[in-house]
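Overview (structure and organization)
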Amino acid sequence: AYRLRFTPDGGGFSLFGDHAVTAWSGVRAESPQGFLLYLRDPDRGRFRILRPRIPRRGRDGRAARPGVVVVETEFERVTVRLEICVAGDLELRRLALANRSPSARRIEITSFIEPVLNPPAAHAAHPVFSKLFLETEHDPERDLLLVRRRPRGAHERHPVLFHALSGVPAAGHETDRARFVGRGRSLRAPRVLATGAALSGTT
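Reference entry: report on the structure contained in this document. No experiment lies behind these values; they were computed from the predicted model shown.

Within the protein, the regular secondary structure consists of 4 helices and 13 strands. Long-range pairs, those at least 24 residues apart, make up 47% of the contacts in the protein with a sequence separation of at least 6. With an accessible surface of roughly 12200 Å², the protein has 52% of that area assigned to carbon and sulfur atoms.

What follows is the structure in structure tokens.
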């Protein structure tokens, strides 16, 4: 079964069976965790993280129909609505933008996950070692990223993760964390978002 958990501060993680899909330390960290969506205005050079929050009263979150979390907020006079749900073994997010300004706008959307594909305890015990066995691949025909965990023995079985954008083709991808985040930076202000650098297409 696929499970998705949110924490009140907008963090959280995904589980598939006994495997963690995304990284989560279980403590409130300075660096964001879980599935991240970045909104960036390339003409103004401004960006922010759009993170799902537990539905509550207020402008940034509200209750939705059962099984669906809705985030509503505003970025640079653009109204943003994000719906999140789990359908079978799929974690789905639907994003809608509405321009409330008098001029035409360009907004770049960048998604980020830190895959694990390992039982949480095994990853937490040796996170750096655990990451060494992850392999990524880009499927150009279906325009999606695949992440696999290389088994250390014949007895190991791990799920395969795919990450894709539906509706429009993705403008690029990056699976090298160091290239995306940059030296001395964090996920709050990664190099690619802060500088507008192009994604390298590394796998």
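All right, on to a nonpolar patch on the surface then. Among the surface-exposed residues, L90, L92 and F162 lie close enough to one another that they form a single nonpolar patch of about 260 Å² accessible area. Along the chain, L92 falls in strand β8 (residues 90-99). The exposure class assigned to L92 is partly exposed, which follows from its relative accessible area of 37%.

So, on to the environment of R106. Along the polypeptide, R106 turns up in the loop between β8 and β9 (108-112). In this view, R106 contacts R40, D41, P42 and D43; residues no more than four positions away in its chain are not counted. A polar contact of 2.5 Å, which involves the side chain of R106, links it to the side chain of D43.

Attention shifts here to the pattern of salt bridges. For the structure shown, the criterion picks out 15 salt bridges. Across the pair D43 and R106 runs a salt bridge, and its minimum N-O distance is 2.5 Å. Here the residue D43 occupies a position in the loop between β4 (36-41) and β5 (46-50), and R106 occupies one in the loop between β8 and β9, the gap between them amounting to 63 residues. The partner of R179 in a salt bridge is D176, and the shortest N-O contact between them spans 3.4 Å. Judged by relative accessible area, which is 41%, R179 ranks as partly exposed. For D176, a relative accessible area of 27% corresponds to the partly exposed category. Residues participating in the shared-partner salt-bridge network are E72, R81, E83 and R94.

Let us now look at unusual backbone geometry. With a phi close to 65 degrees, R77 is a non-glycine residue in the positive phi region. One can find R77 in the loop between β6 (68-75) and β7 (78-87). Phi angles above zero are rare outside glycine, and D143 is one such case at about 55 degrees. Mapped onto the secondary structure, D143 falls in the loop between β11 (134-139) and β12 (144-149). According to the relative accessible area criterion, D143 is partly exposed, its value standing at 24%.

What counts, and at which threshold
- Each chain has its residues counted from 1, following the order in which its sequence is written.
- Local features in this predicted model are restricted to residues whose pLDDT is 70 or higher, and side-chain atom pairs enter the listing and the counts only when it is 80 or higher, whereas totals over whole chains, interfaces and linings include all residues.
- Side-chain calculation: all heavy atoms of the structure are included, whereas hydrogens and water are not.
- The helix and strand labels rest on DSSP assignments: H or I over at least four residues marks a helix, E over at least two residues marks a strand, and numbering proceeds from the N terminus.
- Any two residues having at least one pair of non-hydrogen atoms within 4.5 Å are treated as being in contact.
- In these tables, accessible area is a Shrake-Rupley quantity obtained with a 1.4 Å probe, and a residue counts as shielded only by the protein chains included in the view.
- For patch building, the residue pool is restricted to those with more than 30% relative accessible area and no salt bridge; the joining distance is 9 Å between like charges and 5 Å between nonpolar side chains (Val, Leu, Ile, Met, Phe, Trp, Tyr).
- We count a salt bridge whenever a side-chain nitrogen from Lys or Arg sits within 4 Å of a carboxyl oxygen from Asp or Glu.
- A simple rule labels every residue: compare its accessible area, found with a 1.4 Å probe on the protein chains alone, to the largest value its type can have, and call it buried under 20%, exposed over 50%, or partly exposed in between.
- Whenever a nitrogen or oxygen atom comes within 3.5 Å of another N or O atom, the pair is scored as a polar contact, on the condition that within protein one atom can donate a hydrogen and the other can accept it, and that pairs from neighbouring residues in sequence are kept only if both atoms are in side chains.

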